[in-house]
Amino acid sequence: ATLCFQAFLQMCNLPIRVVCRANAEYMSPSGKLPFIHVGNQVVSELGPIVQFVKAKGHSLSDGLDEVQKAEMKAYMELVNNMLLTAELYLQWCDDVTVEEITHPRYGSPYPWPLNRILSYQKQWEVRRKMKAIGWAGKTLEQVLEDVDQCCQALSQRLGTQPYFFNKQPTELDALVFGHLFTILTTQLITDELSEKVKNYSNLTAFCRRIEQQYFEGHDKDSSTSGAARSAKRSLLR
Amino acid sequence: MAAPMELSCWGGDWGLPSLHPESLTVMAYAKFSGAPLAVNTITNFWRAPKGDVPVLVSEDIVISQPAKILNFLRKQKYNADYELSAKQGADTLAYIALLEEKLLPALLHTFWVEAENYCSVTKPWFASRIAFPLSLYLPGKMSREALNRILLTRGGPPLYSLTEVEAQIYRDAKECLNLLSKRLGTSQFFFGHTPTTLDAFVFGFLAPIYKVCFPRVQLQEHLKQLPNLCRFCDNILACYFRLTVSGHSPAGQDTADANLQKLTQLVNKESNLIEKMDDNLRKSPQHPPRKLTTLKLAAGGEGSPLNRLSP
């Protein structure tokens, strides 16, 4: 999710500095990561950040007409609905992944037994949410099928264009890039999820293009954090 | 061919074939794609196969969620999206996601969480269609599940109180309605002249908001300001469900109100008459032997107010 924001802010040509903190969740006004700290203001989550940036005079979607804006919002909801939920499912509801990867990673800043307690608590929360929206009954295959359907829709919408809405990138491009890049580069037990995305060559080309255009140039300024550099390394591998 | 497919779902009212958005979506899709469905409205909940509604039963196969039911119908060659391009198919998925994320929470709230609506309309309606003793338990359970879903998906910080969550979900729902209206524009359906899956979903979500008469109706009022969406719902009802719009709200509501007024007036007149008769009886003495004098006194009693009136 951090990458969505970095991509968005760089598309707007706004310089940023990425900082990692263990208590970041508590510093954020909404409890969700990431958030930006500008002067006296702290803003979190993609929607409010986009509006904040727009209020300061930078907007990526001004060139769109009303119908296109409606489409953009619809696709952003699709990505949130399908990809984000699938990522959460994989992280917290697939037992193998939970044991081997998620629990250690989530609990790493804390000493025992706090690390186990906090990660179990988070797992319980996520499972409750999955049950409320009806995903608790889904098997891993069904979730992967949903991801495939979502990627197919995104791939068909992108077609052969450089960005989703013609030649200019928008919030949708930033959001899609963030999610797909994370899926492609995060090490999991199996590669099934990233394989689903790799099936669509225009989506992988899209990710590579944005990465080269917005993250390589930023690298040269050497004001980016190690996260982007290591992420870049793993995609080009 | 094979035995016809049977759909079990909640029944309808206020001019709609069903009040339940998901049931309505499936019924609309079946009409659009020409699938022969025998619709059973649930009156005895014990008999519903799994308790998930709507449920499609075809030979031995039982399918329960709208997306799965629609997939099944498509595999049986009842496909309403045949003429759509790949991009339009992708748009369909995106708009359905928009409906589920932005409109559904407010819809659930209007039906199941808003206290006045729930107590005066939703609970009695559903309870009347569920057999006792489930009717005492099931509406409450559905209400709790709706509230749970709203709070878990939209209720995170910084929205700490239910009123803030409510304000946010209604804002999102109104924005979603505006976006749908802009997307529909002046066309009859979302993709040209024939209805598709997206039209079925939009109809399923919008029609209950549009037609059901609730005491608290902020979403309905907002929808009525978007005439192309209202026309969209009315069109589908008139063309595919053969229920005339004129027989029901708002003209229907007006005639009902007028009838109610007339009835009230008649009742008032009757009660006035009865009161008058009571007065007369009280003024006249009650003992039977004095029958003749009673009559005279009654006449006198009647006469005296008149005398009093005249100067």
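What you see is a predicted model; the values in this text were computed from it and never measured.

**Notes on the overall build of chain B**
A tally of helices and strands in chain B yields 11 helices and four strands. For chain B, long-range pairs separated by at least 24 residues make up 71% of all intrachain contacts whose partners lie at least 6 apart in sequence.

**Quick look at the pairing of strand E2 (residues 37-41) of chain B**
All names here are of chain B. Sheet analysis places strand E1 (residues 5-9) next to E2, joined by five bridges and oriented parallel. By the bridge assignment for E2, Glu6 is matched with Ala38. Tracing the backbone out of E1, into helix H1 (residues 21-33) and back to the parallel element E2 gives a crossover that is right-handed.

**Observations regarding the nonpolar core**
Ranked by size, the top nonpolar core spans 146 residues in total, and within it Leu154 and Phe206 of chain A together with Leu103, Trp112, Phe203 and Phe232 of chain B carry the most contacts. No other element matches helix H3 (residues 86-113) of chain B, which puts 15 residues into this core. Here Leu103 of chain B is in contact with Leu98, Ala173, Cys176, Leu177, Phe205, Leu206 and Ile209 of chain B, once residues within four sequence places are set aside.

**A few points about the confidence of the model for chain A**
All names here are of chain A. Looking at chain A as a whole, its pLDDT mean stands at 75, while 77% of the residues score no less than 70. The least confident element of chain A, judged by mean pLDDT, is helix H11 (residues 226-236) at 38; the most confident is helix H7 (residues 140-158) at 87. Overall, residues 218-237 carries pLDDT values under 50, and its contacts beyond four positions in sequence, including any with other chains, amount to 25 contacts.

**A few points about the sheet that holds strand E3 (residues 55-58) of chain B**
Within a beta sheet, neighbouring strands are joined by backbone hydrogen bonds and run either parallel or antiparallel to one another. Residues and elements named next belong to chain B. The four strands are arranged E2-E1-E3-E4 in an open sheet whose pairing can be described as mixed. The open sheet terminates on both sides in strands that have one partner only, identified here as E2 and strand E4 (61-63). Shown here is a sheet whose adjacent strand axes are inclined to one another by a mean of 20°, direction ignored. Bridge count for E3 against E4 is three bridges, and the pairing is antiparallel. What sits directly across from Val57, in E4, is Val62. Against the sheet, H1 engages E1 and E2, with an angle of about 150° to E1. Set on the sheet, helix H2 (residues 66-75) makes contact with E1, E3 and E4; between it and E4 the angle comes to about 135°.

**Section: the packing of helix H4 (residues 66-92) of chain A against H7 of chain A**
The geometry of a pair of packed helices is captured by two quantities: the angle between their axes and the separation between those axes. Residue and element names in this part refer to chain A. Here H4 crosses H7 at 155°, and the two axes come no closer than 10 Å. When the axes of H4 and H7 are compared, the pair comes out roughly antiparallel. With respect to the hand of their crossing, H4 and H7 are arranged in left-handed fashion. Taking contact as the criterion, the partners of Glu71, Tyr75, Leu78, Val79, Met82, Leu83, Ala86, Tyr89 and Leu90 in H4 are, on H7, Leu140, Val143, Asp146, Val147, Gln149, Cys150, Ala153, Leu154 and Arg157. Across the contact of H4 with H7, the residue classes tally to 14 nonpolar, one polar and three charged.

Here is what the cut-offs are and how they apply
- Residues numbered from 1 in each chain as written.
- Chains lettered and ligands numbered in written order.
- Predicted model: local features only at pLDDT ≥ 70, side-chain atom pairs only at ≥ 80, totals over all residues.
- Heavy atoms only, no water.
- Helix = DSSP H or I, 4+ residues; strand = E, 2+ residues; numbered from the N terminus.
- Contact = heavy atoms within 4.5 Å.
- Pairing = 2+ DSSP bridges.
- Right-handed = clockwise from strand over helix to strand, strands pointing away.
- Core = buried A, V, L, I, M, F, W, Y, C linked by side-chain atoms within 4.5 Å.
- Buried < 20%, exposed > 50% of the residue type's maximum accessible area, 1.4 Å probe, protein only.
- pLDDT = per-residue confidence, 0-100.
- Axes fitted to C-alpha atoms, helices over the stretch in contact; angles between N-to-C directions.
- Parallel < 35°, antiparallel > 145°, perpendicular 65-115°, else oblique.
- Left-handed = near helix turned anticlockwise from the far one by under 90°.
- Nonpolar A, V, L, I, M, F, W, Y, C, P; charged D, E, K, R; others polar.

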